[in-house]
Amino acid sequence: MASNRAITVVGIGGSLREGSQSEHALRAVLAGAESAGASTVEITGERLVLPFYDIAIDERSDAARDLVAAIRAADGLVVVSPGYHGGPSGLVKNALDYVEDLRHDARPYLHGRAVGTVAVAHGWQAAVTTLNQLRTTVHALRGWPTPLGGAVNSVETKFDETGQASDAKVETTLRTIGEQVVDFALR
């Protein structure tokens, strides 16, 4: 049962390096969401430099308030992290911790939202374990990971300066994840 309402998908991730492989992967997923009719918001790099999340502190930085507001308004999310030692980066994990600020909302945490997850790492082990941890975190936050997740081995697949993946199958997978987020949000 589809709807004609506008869908917004928020993409969170990448690293502090502008044009990183994980940032390009995030943009590929968001391109898939856009091709499925969604408007997208990208929160990457410096916009993810937030104070360590602390539930006991009510005061939030402007960047933290912007992140929480974007997630609150989102119909779906995309989370892409580089794999750091087999898990998501501290930058991405800390951003996800701020979802706790939605605990008292009518739609708490990520309730009712599809979340596409992708991990980009130097090798399959780190890519797959990072993806698994992202999906586990999304479950803990009451989100619905898309059926398809992405593990990108940056030894085998590179993104060029335009963001195009060297492997067409990876490009298709990433775009499909974005499409799945939108498909779920429309239901």
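So, a few notes on the structure that sits alongside this text. For clarity, every value in this text was computed on a predicted model and none was experimentally measured.

Counting across every chain of the model gives 2 aromatic pairs. Here the aromatic rings of Y53 and Y98 are separated by 4.9 Å at their centres, their planes lie at 80 degrees, and the arrangement is edge-to-face. Of this pair, Y53 sits in the loop between β2 (39-44) and α2 (62-73) while Y98 sits in the loop between α3 (90-97) and β5 (114-121); the two residues are 45 residues apart in sequence, bridging distant segments of the chain. With centroids separated by 5.0 Å and ring planes inclined at 45 degrees, the aromatic side chains of W144 and F184 adopt a geometry described as tilted. Taken together, the residues W144 in strand β6 (residues 144-145) and F184 in helix α5 (residues 168-186) connect sequence positions 40 residues apart. By relative accessible area, F184 is classed as partly exposed at 26%.

This part is about α3. Taken residue by residue, α3 has L91, V92, N94, A95 and L96 as its buried positions. Against the buried residues of α3 lie β1 (8-13), α2, β3 (76-84) and α4 (124-140).

With 8 of 8 residues buried, β5 is to be regarded as a mostly interior element. Neither face of β5 is open: one carries A114, G116, V118 and V120, the other V115, T117, A119 and A121, and all of them are buried. By the bridge criterion, 7 bridges tie β3 to β5 in an arrangement that is parallel. The residue of β5 that forms the bridge with V80 is V118.

Definitions and limits used
- Residues numbered from 1 in each chain as written.
- Predicted model: local features only at pLDDT ≥ 70, side-chain atom pairs only at ≥ 80, totals over all residues.
- Heavy atoms only, no water.
- Phe/Tyr/Trp six-rings, centres within 6.5 Å; stacked < 30°, edge-to-face > 60°.
- Helix = DSSP H or I, 4+ residues; strand = E, 2+ residues; numbered from the N terminus.
- Buried < 20%, exposed > 50% of the residue type's maximum accessible area, 1.4 Å probe, protein only.
- Contact = heavy atoms within 4.5 Å.
- Pairing = 2+ DSSP bridges.

The quantities given are spatial measurements derived from coordinates; they are silent on function.
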